[in-house]
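As a plain string of letters, each chain reads:
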Amino acid sequence: MPFNIGLSGLNAAQADLQTTGNNVSNSGTTGFKRSRAEFGDVFAQSFGGISQTAIGSGTRLQAVTQQFSQGRTEFTENGLDLAINGEGFFVLNDQGSTVYSRAGAFQVDRDGYLVNNQGLRLRGYDEAGGTNLGDLRLQTDTAAPQATENLEALINLRSDAATLSDDPDDFDLEDPETYNFSTSLTMYDSLGIARDANLYFVKTDQNEWNAHVAVRDENGELQEVEYPIDPVTSNPASALRLEFDQSGQLDGVIPGAEGLTVPGGSLDGADDLVFDIDFDGTTQFGGDFSVNDLNQDGFASGQLTGIDIDQTGVVFARFTNGQSSVLGQLALANFPNPQGLEQLGDNNWAETFAAGDVRLDRPGSSNLGSVQAGALEASNVDIAQELVNLITAQRNFQANAQTISTADQVTQTIINIR
């Protein structure tokens, strides 16, 4: 019996040594979780359950459990590297099977999917806050342009400017003598082609100004826009009339700065350029003419320049036209008992009955951790602790070997009795 007890101790020390050695060998493995060997004593009860004189029969390995403590975060220069700060696992598509991982080294494959170094696709939602789960795919084609639809003009018109003619038909955009002030900006048509646009301001009376808008066509000629219907004449207006109160605040725009139109035939075959101008905040004060704000919402087409992923896992695409778009939101998974997951190797786990039902959600929600882009989670192996464990396993092995050696000497003594 001492031989069996000592042998069980040798096997236990060997298992402990192997577990520690596996931890040490994976100290540099991204997302690796250290294992711990857990043992139990072997105790045979005597007949009838009376154990006062029973002696234990050694030890045995009960389980090797992984410890899901947080590994340190190591920052990289790759924006597609992802680290989970807190609980949760990345959800991966392994040719139709779902596996889970803490290793977040991702890249884009030839088809635009986010994959790890084994080619497994990262799964997520088709939009931020969406519910449709699928493989995350990055948009790599050209971003479509957007025609200008809204223009904001925050301007101060000098109150002591000279009053010019109140007849819009005396206005000539080529003659600076026919207007008091002008400013310009760039707008975009439906094809994403940049169009120079000018705004001209003509003082027609006390507290009244005419605003004219002209857009450059494909021949480089400035073409005045078509204005909305004048409610007084029932004809298209010749200009926009800005009226101010005695405190210099804008009182109204007649007939309204909505639906200004540039015919598409003058824009390289693009659709009609129809836009509104918001003059809210425009003033008539005694200071100099000034353009405090002048912007519009159109933009040209753009090429993909980069991908950004925020802490909630939302994936943004950045384009050369200054725009960005949401491509999706990655999903994280968690389990009631992560230690019950099946280890598959290559930093992957599979769900099991012991792990409990999988729970999918977005990073930062429920009890799931957040995502750090441009970083990887290092192994949680503590080398100093593992070296101490190696010494302990070695001592245990030597001590159990001594048990067998002592039992052998006792056996030899019994055999030599005559």
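Report on the accompanying structure. (Residues numbered from 1 in each chain as written. Predicted model: local features only at pLDDT ≥ 70, side-chain atom pairs only at ≥ 80, totals over all residues. Heavy atoms only, no water.)

1. Topic: the sheet that holds strand β20 (residues 290-296)
Strand pairs in the sheet, formed through backbone hydrogen bonds, run parallel or antiparallel to each other.
Alright, step 1. Read across the sheet, four strands follow the order β18-β19-β11-β20 without closing on themselves; strand pairing throughout is mixed. Of all strands in the sheet, those bounded by a partner on one side alone are β18 (260-262) and β20. On average, each strand axis in the sheet is tilted by 25 degrees relative to the strand beside it, whichever way the strands run.
Alright, step 2. Here β18 runs beside strand β19 (residues 273-278); their pairing, made up of three bridges, is antiparallel. Looking at the pairing, Val262 lines up with Leu273 of β19. (Pairing = 2+ DSSP bridges. Helix = DSSP H or I, 4+ residues; strand = E, 2+ residues; numbered from the N terminus. Axes fitted to C-alpha atoms, helices over the stretch in contact; angles between N-to-C directions.)

2. Here's the deal with helix α1 (residues 2-25)
Alright, step 1. Here α1 is 24 residues long and its end C-alpha atoms lie 34 Å apart, about the 34 Å a rise of 1.5 Å per residue gives.
Alright, step 2. Of all the positions in α1, only Gly6, Ser8, Gly9, Leu10, Ala12, Ala13, Ala15, Asp16, Thr19, Thr20 and Asn23 are classed as buried. (Expected span 1.5 Å × (residues − 1). Buried < 20%, exposed > 50% of the residue type's maximum accessible area, 1.4 Å probe, protein only.)

3. Things to note about the pattern of salt bridges
Alright, step 1. Evaluated as defined, the whole model comprises 15 salt bridges.
Alright, step 2. The partner of Arg34 in a salt bridge is Glu386, with the nearest N and O atoms 3.1 Å apart. You can see Arg34 sitting in the loop between α1 and β1 (35-43) and its partner Glu386 sitting in helix α2 (residues 383-415), a full 352 residues away along the chain.
Alright, step 3. Arg34 sits in the buried class, given a relative accessible area of 19%.
Alright, step 4. Put simply, Glu74 and Arg72 hold a salt bridge, and the shortest N to O gap is 2.8 Å. (Salt bridge = Lys/Arg side-chain N within 4 Å of Asp/Glu carboxyl O.)

4. Regarding a nonpolar patch on the surface
Alright, step 1. Judged by side-chain polarity, Val410, Ile414 and Ile417 come together as a nonpolar surface patch covering roughly 310 Å² of accessible area.
Alright, step 2. With respect to the helices and strands, Ile417 occurs in the segment after α2.
Alright, step 3. Taking the relative accessible area as the measure of exposure, Ile417 reaches 61% and is therefore exposed. (Patch = residues over 30% accessible without salt bridge, like charges linked within 9 Å, V, L, I, M, F, W, Y side chains within 5 Å. Areas by Shrake-Rupley, 256 points an atom, 1.4 Å probe, with all protein chains shown as cover.)

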